[in-house]
Structures are given as C-alpha cells and as structure tokens.
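The primary structure of each chain is shown beneath.
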Amino acid sequence: MHNVTILGSGKIGSAIAKFLHYSGDYTVLVGDIDSRSLENLTESLPVNTFVIDVTDEATLTKKLEGQDCVVSACSYEVNPIIARAAAKAGVSYFDLTEDVATTSAVRSIAEIAPSDLVFAPQCGLAPGFIGILAHHLYSGFDKVDEVKMRVGALPQNPSNMMMYKLTWSTKGLINEYCNPCETIHNGRKIEAIPLEEVEHFSLDGISYEAFNTSGGLGTLCETLEGQVRTLNYKTVRYQGHQYLMKFLTKELRLSDRRELLQEILENSIPITKQDVVLIFCTVTGWRNGYLEQISDVRKIYPLNLYGETWSSIQLATSASLCAILDMYLNREISHSGFLKQEDISLDSFLANRFGSYYTDKGRNIVNPGI
C-alpha cells in the first residue's frame, strides 16, 4: 500500500482520491481548509481527512512526514509552499498547475531537495498529457518542422453568446487568458500574446476556433528550442468565444482586475458536467527523406464512475495525474528531481490503469497518430 496525501477536496482532488482509493493499492489522506468540503467527500468515500491551512508550512511539513507522495489539487499560488513542505518532509510532490511562474518555483525547490525525491508539476491534461503525446509524435521523425498542440474543454451543448460553460477552475482559466504565452517561432523561444493568432478548423462537422493561451506547453519550449521551427499551444473553443473574452480582458482591461473578472464569469456562466475534452496534436517533419504530417485527435466524454457522473475534464485531469503518480510509485518512472512531462513514455502512460482512460475507456479517436 502506498501512502498518499491529497491537498484539496474539490472536483479534481476528490476524483483523484476516488481513483486511488478504489484501485485498492493506496491509503489516501485528504486535507483541505474547508471542513464542509471534506465532509461531503467522506459521505461517498471512506478515507481519512484533516483540516489544514496549507500556507502554514511548518504544520503541513509535520503532517506530510511518513507519506510516500503529496498531490496538490489546490490553486496554483500555494503550490510552492506545498512543494517546500514536501522537500522538508522527504515526500515526492505532484501537482496540476498551468502557471509558468509556479512551475519555475517548484523546479527551484526540486534542485535543493533530497536527491531521491521527484517533483512533478503540470501532471494534468494541458500541460500534462498533451506534452507526453506531442513529444511521442515528435520522436517518430528524423527532423521536425512544426509541432502544434490544441486542447479544449467545451460544453457539449453551448447555449449562450460566449458559447461556453465553466468546466474547471475559473482562476486557472483567467490565468491562461491573461498571461504571456511561450512559443517557438523560427527556432527561437519567444513570448506570444494571449487570445491572439486565432485560427479556425472543423472536426466532425463542428466549427472551432483556437488561440494563444498561457501554460499549456509545459516545459516543451525548453526541451525543443533549436530542434523545431515552430512549436505552439492554443486553446480550442467554439467560434465567437475569443472575441468576447478579448473584449473583457483587453478592451475593458479586466485582465488587470482578475478578481472582478472571476466574479463576473462565475455569476453569469453556469457550470456543466455535460462537457467534452478535445485533444488535437499535429507534427510535421521529415521521415525517410519525405516531408510528412501526422495528427492525433481524441475526444473524451463524461463517464459514470463509482455511482456518479464525472465530467470529461474531471476525468481527463485526474486520470493523467493518477497515471503519472502510479507509474512513479511502481518504478516505471525512474527519474528523480524535477520531472518534465515529455520525459514520460506515452506507451507506458496509456498502458497504465488510469492512463487507459485516454484510450477506449473514455474517448473516441478520430485519427490516431500513434
């Protein structure tokens, strides 16, 4: 049995706890500052819980002692505190953050932590699985020209002007829409402007748009700089969404008033579990002397698990983190220190009991590239 502490008992934290508990190989301990949230969790899951303010680093460090791993399903701004506590307690660390600065802070902590620990941020969908997939496709070429990564968590039935419903963290969504975006252009890493460079495409008869957002590339820019001419990540939405978000964030300057923007969105856009995750990765390059392009397209839909409906973003995010954690604890990942997602084998990921939800358990493949 592996001992894992999960910090955060929201939609993703609770899903991770259920995946690990029902696997039968984990003793799960869940901490949160919200006692009511913990009570809601234990009504359907027989795990131990504790109330904690994760910004109290000393108390958190003591609580983590004796655990194998800690998972942060908290908001990104507290992750450096959790990572420092993990290092002091001698516990490996995993999170879901898309925030570039937070990942950099976790990396700095990993550099001075005990050498037998792993620090693995960005273990969700994007960043996370999309980086594993993109690097796998990249590795199949003799020389690569372009790597394009597109991901969207979308309502199946959009019914408002924004063509969107909330499916995950609003704070994280705003972060992606407002922060600078890393990209590789003409072989060099540069910063791109969020919500710009809009492109349009159709899939299964549905029209989409995609545009720059922050964080989805993870560490791929660093890994592939000088190796490709173009590398970029864009978020997929239904057509018309980008125009309205650009109006809010730039024309009304709500990117400088993010708490107000969060309040507006959460009071006007409903949440939904009737969503779909679209994953679209295309790599172009030379193989055996020919210029070739290969694409991998996946759709993940909600599933009924353990007597309840899991949204597709809840399923995709929690399954990805659990797969990486499970592979590490079962010694399929021998890496120590800071772990890049692109260092993880796609084949091993998909063969994992949790990673298999990216196969026929939870998605349709339109045009597999693997």
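Rules and cut-offs
Residues numbered from 1 in each chain as written. Predicted model: local features only at pLDDT ≥ 70, side-chain atom pairs only at ≥ 80, totals over all residues. Heavy atoms only, no water. Helix = DSSP H or I, 4+ residues; strand = E, 2+ residues; numbered from the N terminus. Rg over C-alpha atoms; globule rule 2.2 N^0.38 Å. Contact = heavy atoms within 4.5 Å. Areas by Shrake-Rupley, 256 points an atom, 1.4 Å probe, with all protein chains shown as cover. Core = buried A, V, L, I, M, F, W, Y, C linked by side-chain atoms within 4.5 Å. Buried < 20%, exposed > 50% of the residue type's maximum accessible area, 1.4 Å probe, protein only. Pairing = 2+ DSSP bridges. Axes fitted to C-alpha atoms, helices over the stretch in contact; angles between N-to-C directions. Phe/Tyr/Trp six-rings, centres within 6.5 Å; stacked < 30°, edge-to-face > 60°. Lys NZ or Arg CZ within 6 Å of the ring centre and 35° of its normal. Salt bridge = Lys/Arg side-chain N within 4 Å of Asp/Glu carboxyl O.

Asks: Which residues make up the overall build of the protein, and what are the values?
Replies: The secondary structure content of the protein amounts to 12 helices and 18 strands. The C-alpha radius of gyration of the protein comes to 20 Å, within 12% of the 21 Å expected for a compact globule of 370 residues. With respect to the principal axes defined by its C-alpha atoms, the protein has extents near 55 × 50 × 40 Å. Long-range pairs, those at least 24 residues apart, make up 69% of the contacts in the protein between residues at least 6 apart in sequence. Carbon together with sulfur atoms contributes 47% to the accessible area of the protein, which is approximately 15,500 Å² in total.

Asks: For the nonpolar core, give the residues involved together with the corresponding values.
Replies: Grouped burial of nonpolar side chains is what soluble globular proteins tend to show. Grouped together as the largest cluster of nonpolar side chains are 74 residues, with contacts concentrated most on Leu20, Phe94, Met149, Leu231, Ile279 and Tyr358. Here this core gets 12 residues from one element, more than from any other, and that element is helix H11 (residues 312-329). Every residue in contact with Phe94, bar those within four places of it in the chain, is listed here: Cys69, Val70, Val71, Ser72, Val118, Ala120, Cys123, Leu321, Ile324, Leu325 and Tyr328. Core analysis: the second largest hydrophobic core is formed by 24 residues, Phe50, Val54, Val70 and Ile109 among them.

Asks: Run through the sheet that holds strand E5 (residues 92-95), naming residues and quoting values.
Replies: The seven strands are arranged E3-E2-E1-E4-E5-E6-E17 in an open sheet whose pairing can be described as parallel. Both outer strands of the open sheet, strand E3 (48-51) and strand E17 (337-338), are each paired with one neighbouring strand and no more. Sheet strands touched by helix H1 (residues 11-23): strand E1 (2-7), strand E2 (26-32) and strand E4 (69-72). Its angle to E2, the strand with the most contacts, is close to 160°. In this fold H11 packs onto E1, E2, E4, E5 and strand E6 (118-120), with an angle of close to 160° to the strand it touches most, E5.

Asks: Tell me about the packing of aromatic side chains, and please be specific about residues and values.
Replies: Taken as a whole and assessed by the stated rule, the structure comprises 14 aromatic pairs. Arranged with centres 4.4 Å apart and planes meeting at 20°, the rings of Tyr22 and Tyr306 form a pair that is stacked. Of the two residues, Tyr22 is situated in helix H1 and Tyr306 in the loop between strand E15 (303-305) and strand E16 (308-310); the sequence distance between them amounts to 284 residues. Ring geometry for Tyr208 and Tyr238: centres 5.7 Å apart, planes at 20°, overall stacked. With Tyr208 in strand E11 (residues 206-212) and Tyr238 in strand E12 (residues 230-238), this residue pair connects regions lying 30 residues apart in the sequence. We classify Tyr208 as buried; its relative accessible area is 3%. Residue classification places Tyr238 among the buried residues on the basis of a relative accessible area of 7%. Taken together, Phe19, Tyr22, Tyr306, Trp310, Phe354 and Tyr357 form an aromatic cluster joined through their ring pairs. The positively charged end of Lys63 is found above the aromatic ring belonging to Phe50, 4.7 Å away from the centroid. In this structure, Arg287 packs its charged tip against the face of Phe141, placed 4.6 Å from the ring centre.

Asks: Any chance you could break down the pairing of strand E9 (residues 188-192) for me, citing the residues and the numbers?
Replies: As judged from the five bridges shared by strand E8 (residues 181-185) and E9, these two strands associate in the antiparallel manner. By the bridge assignment for E9, Ile184 is matched with Lys189. Where E8 hands over to E9, the hairpin turn is made up of two residues, of which Asn186 adopts a positive phi near 55°.

Asks: Which residues make up helix H4 (residues 79-89), and what values do they have?
Replies: Burial within H4 is extensive, with nine of its 11 residues counted as buried. Within the span of H4, buried status applies to Asn79, Pro80, Ile81, Ile82, Ala83, Ala85, Ala86, Ala87 and Ala89. Summarising the contacts, the buried residues of H4 are in contact with E1, helix H3 (57-64), E4, E5, helix H5 (100-112) and E6.

Asks: Which residues make up the pattern of salt bridges, and what values do they have?
Replies: Evaluation of the coordinates by the stated rule reveals 18 salt bridges. With a closest N to O distance of 2.6 Å, Arg107 and Glu222 form a salt bridge. Placement of Arg107 in helix H5 and of Glu222 in helix H8 (residues 220-224) is noted, with a sequence separation of 115 residues between them. Asp145 serves as the salt-bridge partner of Arg229, at 2.7 Å between the closest nitrogen and oxygen. Pair noted here: Arg229 is in the loop between H8 and E12 and Asp145 is in strand E7 (residues 143-155), with a separation of 84 residues, a long-range link.

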